[in-house]
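Chain by chain, the residues run as shown.
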Amino acid sequence: MKRTMSLTARRMAQIQRQYLQQLMEGTTFSIADLLNFGSFTLQDYCKKLYPHPQSDEIIRIAQAFCEEHNIWCENARHYITCELYLYPDAQFDRMLAMVENNAIDYYLNDVAGRDLFGHLKATEQQDARNLMKRMASVDHHLSLPENATPVEKANIYILKFMKETSPAAWFEEFLQLYCYHIDVTHKDGNSDALGHIPTVEEYIGLRCHTSGMHHIVLLIEYADGNFLNKEWCAAAGIDVYLQRVNFLTAAFGCLSNDLFSFEKEVIDNSTDANLLMAIALNHPDYSFPEVINSAAKIVQDVLVELLDLMDKINVQLSLAPAADADKIARLHQHLKGIDKCVQASWLWQVYTKRYKRPASIWVETQLPNATAKAV
């Protein structure tokens with residue numbers, strides 16, 4: 001383990017130095033330009049997406065809910081809007097529940113997330129792990145433990161509403177993914193804590209869980225009560241495509257976020273639980289620009305494959321029998337939800353102030369009046 005810690009520490013310091021050199025030289029990169037391909041541009045793809053029409057009212061109610069449960073912090077204003085972009089057509093009550101669920105998740109991330117956990121005192125780490133263990137152990141009975149904390153009470157309150165407003169099979173899948181996300185996310189995610197340097201593939205697999213994107217994608221069905229008939233999808237030969245689409249949607253959301261949050265995580269908090277650092281550690285000969293380009297290529301490839309699979313599913317649906325019109329319509333509606341989820345993953349990250357800073361290597365995260373030359 002000592003060898004792993006030495007390697008990661010040296011590589012971290014090297015990347016941070018090269019980053020600062022790029023910053024001092026005034027060089028920036030456009031994440032959009034790195035991800036665009038052929039005639040496809042993210043700007044055109046996302047230009048018709050708008051947040052939920054009742055966003056202001058939902059934010060007001062969600063903030064009051066968080067304040068009531070003592071889980072509101074000022075930077076919540078920058079993340080509580082996420083779901084409003086992801087599910088712009090959601091029914092009001094469902095949208096409110098999802099925003100409040102998201103607020104709980106981000107609160108946990110901001111007090112004991114993978115980039116902060118290692119900076120906590122030993123007693124704080126133990127308290128955080130005890131809390132996460134309890135929250136990750138919640139089962140379908142949704143019982144509160146003795147001496148439950150305010151965040152646990154808020155969590156169970158929202159989960160009970162979601163259980164009452166969804167099919168049992170869907171809720172079981174959601175709860176399993178959500179609890180696993182809580183368990184694996186709120187701990188030290190650095191390589192030295194793991195005892196080894198994960199491969200890039202291993203990192204991506206875990207990142208989809210730590211980001212919560214797997215259950216976020218599942219919420220597309222919940223948002224407007226459009227729950228898919230899995231048996232029909234399997235009989236129509238679409239289920240394998242659909243499973244891959246769900247994975248790629250999750251991967252695009254979390255891996256594009258690793259670009260946006262690189263400075264917050266790697267530069268500010270020295271965590272290597274980030275796609276760029278996973279690449280840097282697995283390719284110690286890469287320069288910082290090469291690390292950036294390699295990470296962007298992975299995210300771009302995810303986007304290319306995702307859009308291609310969506311086209312294939314639509315072609316397959318066009319060949320389905322007319323007798324299945326209702327199921328076909330439901331799947332078309334779901335695919336539109338996938339589209340909007342991908343668009344929102346991009347638009348929200350550009351919109352939110354969560355990643356903005358006066359000096360940034362990313363064009364998209366620079367605060368106004370910042371000057372630098374783009375490459």
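Rules of the game
- Residues numbered from 1 in each chain as written.
- Predicted model: local features only at pLDDT ≥ 70, side-chain atom pairs only at ≥ 80, totals over all residues.
- Heavy atoms only, no water.
- 1 Å grid on protein atoms, 1.4 Å probe; cavity = no way out; pocket = protein on both sides within 12 Å on 5 of 7 lines; lining within 4 Å.
- Points joined across faces, edges and corners; volume = space filled by probe spheres on them.
- Helix = DSSP H or I, 4+ residues; strand = E, 2+ residues; numbered from the N terminus.
- Core = buried A, V, L, I, M, F, W, Y, C linked by side-chain atoms within 4.5 Å.
- Buried < 20%, exposed > 50% of the residue type's maximum accessible area, 1.4 Å probe, protein only.
- Contact = heavy atoms within 4.5 Å.
- Axes fitted to C-alpha atoms, helices over the stretch in contact; angles between N-to-C directions.
- Parallel < 35°, antiparallel > 145°, perpendicular 65-115°, else oblique.
- Left-handed = near helix turned anticlockwise from the far one by under 90°.
- Nonpolar A, V, L, I, M, F, W, Y, C, P; charged D, E, K, R; others polar.

A. View of the layout of surface pockets. In this model, the largest pocket occupies a volume close to 280 Å³. Along the wall of the largest pocket there are 15 residues; nearest its centre are Glu173, Leu218, Lys230, Gln243 and Asn246. Those elements that place two or more of their residues in the lining of the largest pocket are helix 9 (168–185), helix 12 (213–223), helix 13 (230–235) and helix 14 (239–260). Tallying contributions element by element places helix 14 first for the lining of the largest pocket, with 5 residues.

B. Inspection of the nonpolar core at higher detail. Counting 118 residues, the largest nonpolar core has Tyr87, Phe262 and Trp362 as the members making the most contacts within it. With 14 residues, the top contributor of residues to this core is helix 17 (residues 288–318). Contact partners of Tyr87, with chain neighbours within four places excluded, come to His52, Met95, Met98, Ile216, Leu219, Ile220 and Ala223.

C. Structural context of the packing of helix 17 against helix 18 (residues 325–351). Two numbers describe how helix 17 lies on helix 18: the axes approach to 11 Å, and their chain directions differ by 165 degrees. Taken together, the axis directions place helix 17 and helix 18 in an arrangement best described as roughly antiparallel. The hand of the helix 17/helix 18 crossing is left-handed. Mapping the contact onto sequence places Leu303, Leu306, Met310, Ile313, Asn314 and Leu317 in helix 17 and Ile328, Leu331, His332, Leu335, Ile338, Asp339 and Val342 in helix 18. Tallied by class, the residues present in the contact of helix 17 with helix 18 amount to 10 nonpolar, 2 polar and 1 charged.

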